Structures are given as structure tokens and as C-alpha cells.
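# Structural overview for review
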There are 2 protein chains.
Amino acid sequence: MAIKVHGSPMSTATMRVAACLIEKELDFEFVPVDMASGEHKKHPYLSLNPFGQVPAFEDGDLKLFESRAITQYIAHVYADNGYQLILQDPKKMPSMSVWMEVEGQKFEPPATKLTWELGIKPIIGMTTDDAAVKESEAQLSKVLDIYETQLAESKYLGGDSFTLVDLHHIPNIYYLMSSKVKEVFDSRPRVSAWCADILARPAWVKGLEKLQK
Amino acid sequence: MAIKVHGSPMSTATMRVAACLIEKELDFEFVPVDMASGEHKKHPYLSLNPFGQVPAFEDGDLKLFESRAITQYIAHVYADNGYQLILQDPKKMPSMSVWMEVEGQKFEPPATKLTWELGIKPIIGMTTDDAAVKESEAQLSKVLDIYETQLAESKYLGGDSFTLVDLHHIPNIYYLMSSKVKEVFDSRPRVSAWCADILARPAWVKGLEKLQK
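Residues numbered from 1 in each chain as written. Chains lettered and ligands numbered in written order. Predicted model: local features only at pLDDT ≥ 70, side-chain atom pairs only at ≥ 80, totals over all residues. Heavy atoms only, no water.

Inclusion rule: UniProt positions are given in the numbering used here, feature names are shortened, and annotations may be inferred rather than shown by experiment.
With UniProt as reference, chain A is termed Glutathione S-transferase PARB, source organism Nicotiana tabacum. As stated in UniProt under Function, the record for chain A gives "Conjugation of reduced glutathione to a wide number of exogenous and endogenous hydrophobic electrophiles." For the record of chain A, the UniProt heading Sequence similarities holds the text "Belongs to the GST superfamily. Phi family."

Structural data, given as C-alpha cells:
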């Protein structure tokens, strides 16, 4: 099999890449990385991702890391496969690019912090830092206020169809919808409907199953 | 004049966009935003950038925000102008894309924190948080260790020529080279040479002059 994803079933970045591959109807081998034993911080894994983080990606001889760079590679190189994750109209690309950056720069920092504190820590037996939760929840609320306004302009965040912009959000939202922060999403009607829509994508559900098998 | 950049001469994100436009030999109008009076948090500015941050960008009727989305727009739409900021070889694009994400996800968080604590706070009369500096300096050191290794593979971070990847780094490095964190860069020979190279780009120097005039 040509495509391999090295990662962890609990990792949002690994989930992001798996969901993208399944949207594009691409088969891949999932190679679990034993993070509990620190496999990701040692060679040979470091030759796949020098930051010692998951995931790492192989497509034949090509090796990539950083989940959003991987999804962009997949969406562009396999443009003709499966679901079209990039807007085809060049006039709509700049706006999609803006919202891609918004996800990475504005949504990701508080969402990842909350996923760690409320989603991952309870699973691995660590204690949640309530002050960190409060601070990140306030940051996330401000971001979601802007999303609520934007989702009145277009059905999805990057435009009128589901794209990489929305896909990049799913893994953190998945964790946070099972936490007390769910209310922050649900109290905003358009954000709430958007979350329900993107979490119901068959490719997302199938990707989770594949990683957790 | 068709292109406008709304921003602040002190803002790294504004500097990033100005440097990009000048690399592409594009003329633009710089519209200062009075951040001291909170102009960026009020209408009409919020219609240009709903996050109330600088910069905002206009190219005729097109309005964009998020500095890295703006530079990507400029580099792609004005591909034939000025200096080529994107690798033309499609086989080299995925690696460039990885290092673009590394800048945004790994370098930016500690570098921006340090720029704020050591570069901006002293100018606006606020007190530096030494604990925050220490934490961010440790994070930045780890990132620069990986840069030092990568710069043995290629002269620039995204490949063999200067690209958007390097350009995105310049504004924070510019601030940090005048701070005590300079040593963190200078103690790594390849990183140090790379910093000197990219800070000497005529377009960077000219962009700073244009914003500060």
C-alpha cells in the first residue's frame, strides 16, 4: 500500500489526516505510534517528524508532517479523487485561504488547549487545570461569535460547500462536544447546526472507526 | 491605487504583508490604524477584519485578513510580478507547505509571545513577564534546533531559494534580534546565517521604511 499514516487514535492531528484521506476515497495503512512509551520522541520516528509529534505521512517516497500540510497535499494532488475539498472557483480561493488561517491561528490554540484539558487528560488520568479551561473557553467564545456571523454569509466556513476549512475543525469539535464546553457551541444556533453537519460526515465516522479498530 | 494595507507600523503581521508586496514590486497605500485609540476594535474597521486585528487588505473589491492568507494570495495572483516567492516545481511544493505550517504552528506561538514581551511591551511602557519569557524561550530553542538541522539540507527553510516560508519569519526575528533572545538564534550557526540573510532582503528594509515613514 502506497499511503501510510503514522499516528495515534487519540490525536486530533492524526484524525484530521485520516478523515481527509477517506473523503478522497484513498486507501491507507494506519501505523500506530506507541506514544505511551515515547516512540514518537525517538529514532527512527524522528526521521519521519523531527518535532516528535504525530502524525507522519508517507505516499511512496514522499514523507510529510504537519497535519494541515498533509491535508493540503492530499486535496491538491488527489484533486480528482472522491469529494472535492477545495473550491474550484479561483475567485473564491482567497476567502477559503483566510478561513484556513483563522482555523490554524485563532480556533486551534484555545480548542487544542480545551481538548487537552477536558478530552485527553481525563482519559490518561491527569488532573484538569480549571484556570486554563476558563481562559481558553473565553478565547474560544470570541472566535465562535465571529463564526456565528460568518455562517450567516455562507453555509460552511470557507464557502458554500464543505471544504478543508471545515474538515480541519472536526477533531477538536468532536472532543469538545463530549465536554462541558459543548454549551459554547450549542448556544450559537448556526455554529451548532454547522457542528452537527460536519460531525455527521460519513468520512469522519469511517476515519474514527479505522483509527480505533 | 488598487491595493491598500490597513495596519500598524509596529505590527509583525502588517510588516509581513508589506514585505511581501515589495518583494512582488507591487505599489500599495498604507493606511495606519490608530490602535492606541482602539480603532481596530470598532466599526468600520471590524468590517475589514472581524477579529479586530491588523492588518486588513484590499485589492480593488477584494477584502482579506490574516497575514499569511494575504501573502499567499499575493504570491499566487501576482506570480509573474517581482521576486518568485513560491517554488515552481510541483514536487517541491509539499515540503514548502510543511515548513509554512511549521512557521505558523511551531515558530509563531513562542516567537510572537517573545516579541510581545521583549519587543513591544518596553515600547508601550508595560512590564515584561519574565516567567513567560523563560517558557517561550525554551519552546523557541527546541524549534530552532530543528531549523539548524533543516538548514543543513537546504539553504532556506522551504527549499533552495527564499520563499514565503522564510518571509513569514522575518518580522518576529527582526524584533528578537534586538532583544536578549538574539543569543538563541546566534548560538546556532546555520540559523544565525539564515537570519542575517533574510533580514538583509532589500524588500524587507524598504517595507519597514514605508510603514515607519
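## Focus on the interface of chain A and chain B
Worth spelling out the cut-off: The contact criterion used is simple: two residues touch if any of their non-hydrogen atoms lie within 4.5 Å. Buried area is understood as the total, over both parts, of accessible area removed when two parts are fitted together, assessed with a 1.4 Å probe. Salt-bridge detection follows one rule: a side-chain nitrogen of Lys or Arg within 4 Å of a carboxyl oxygen of Asp or Glu. Pairs of N or O atoms are called polar contacts if they sit within 3.5 Å, as long as, within protein, a hydrogen donor faces a hydrogen acceptor (for residues adjacent in sequence, only side-chain-to-side-chain pairs). For helices the rule is a DSSP run of H or I covering at least 4 residues; for strands it is a run of E covering at least 2, with both sets numbered from the N terminus onward.
Taken together, the contacts link 24 residues of chain A with 24 residues of chain B. Note on chain A versus chain B: buried area summed over both sides is about 2200 Å², and carbon and sulfur give 68% of it. At the surface where chain A touches chain B, the tally comes to two salt bridges. For B:Glu66, the salt bridge is made with A:Lys106, and the minimal N-O distance between the two is 2.6 Å. On inspection of chain A and its partner chain B, the count reaches six residue pairs in polar contact (both at pLDDT 80 or more). Elements that contribute at least two residues to the side of chain A that touches chain B include exactly strand 4 (62-65), helix 2 (67-77), helix 3 (93-124) and helix 4 (130-153) of chain A. Among the elements that line the side of chain A that touches chain B, the one with the most residues is helix 3 of chain A, at eleven residues.

## Section: the sheet that holds strand 1 (residues 3-7) of chain B
All names here are of chain B. Here is the rule: Paired strands, as defined in this entry, are two strands with at least two bridges between them according to DSSP. Note on method: axes are straight lines fitted to C-alpha atoms, helices fitted across the in-contact stretch only, with angles between N-to-C directions ranging 0 to 180 degrees.
Spatially, 2-1-3-4 is the arrangement adopted by the four strands of the open sheet, whose pairing is mixed. Edge strands, defined here as strands with exactly one partner in the open sheet, are strand 2 (29-32) and strand 4 (62-65). Going across the sheet, the axis of each strand differs from the next one's by a mean of 20 degrees, ignoring polarity. The pairing of strand 3 (residues 56-59) with strand 4 spans four bridges and is antiparallel. The partner of Ala56 across the bridge, within strand 4, is Phe65. Together, strand 1, strand 2 and strand 3 form the strand contacts of helix 1 (residues 12-23), whose direction differs from that of strand 1 by roughly 160 degrees.

## A look at helix 7 (residues 189-199) of chain A
Residue and element names in this part refer to chain A. For clarity, the cut-off: Relative accessible area decides the class of each residue, using a 1.4 Å probe on protein chains only: under 20% of the type maximum gives buried, over 50% gives exposed, and in between gives partly exposed. The arc under discussion is defined with respect to the helix axis, by the directions toward the C-beta atoms.
Taken together, the buried positions of helix 7 are Val191, Trp194, Cys195 and Ile198. Along the long axis of helix 7, the arc covered by the buried residues comes to 100 degrees, so they all point the same way. The secondary structure elements touched by the buried residues of helix 7 are helix 4, helix 5 (164-176), helix 6 (182-186) and helix 8 (202-212).

## Some points on the UniProt feature "binding site: glutathione" in chain A
Residues and elements named next belong to chain A. Mapped onto this numbering, the UniProt entry gives "binding site: glutathione" at Ser11, Thr12, Ala13, His40, Lys41, Gln53, Val54, Glu66 and Ser67. Inspection of the secondary structure assignment puts Thr12 in helix 1 (residues 12-23). For Thr12, a relative accessible area of 15% corresponds to the buried category. Every residue in contact with Thr12, bar those within four places of it in the chain, is listed here: Thr115, Pro171, Asn172 and Tyr175. Residue contacts for Val54: discarding those within four places in its chain leaves His6, Gly7, Ser8, Ser11, Ala13, Thr14, Val33, Met35, Tyr45 and Asn49.

## Quick look at the nonpolar core
We count it as follows: To form a nonpolar core, buried Ala, Val, Leu, Ile, Met, Phe, Trp, Tyr and Cys residues must be joined to one another through side-chain atoms within 4.5 Å.
Counting residues in hydrophobic clusters, the biggest one holds 128 residues, and the most contacted among them are A:Phe185 and B:Phe185. Not counting residues up to four positions away in its chain, the partners in contact with B:Phe185 are B:Phe107, B:Leu140, B:Leu144, B:Ile173, B:Leu176, B:Met177, B:Val191, B:Ser192 and B:Cys195.

## Considerations on the pattern of salt bridges
Residues and elements named next belong to chain A. For the coordinates displayed, the defined rule picks out 26 salt bridges over all chains. One salt bridge in this structure joins Glu58 and Lys63, with 3.6 Å as the shortest N-O distance. Residue Glu58 is classed as buried on the basis of its relative accessible area of 13%. Lys63 gets classed as partly exposed once you look at its relative accessible area, which sits at 44%.

## Quick look at the environment of B:Glu117
Residue and element names in this part refer to chain B. With respect to the secondary-structure elements, Glu117 resides in helix 3 (residues 93-124). In this structure, the C-alpha to C-alpha distance between Glu117 and Glu29, residues 88 residues apart in sequence, is 30 Å. Side chain to side chain, Glu117 and Lys121 meet in a polar contact 3.0 Å long.

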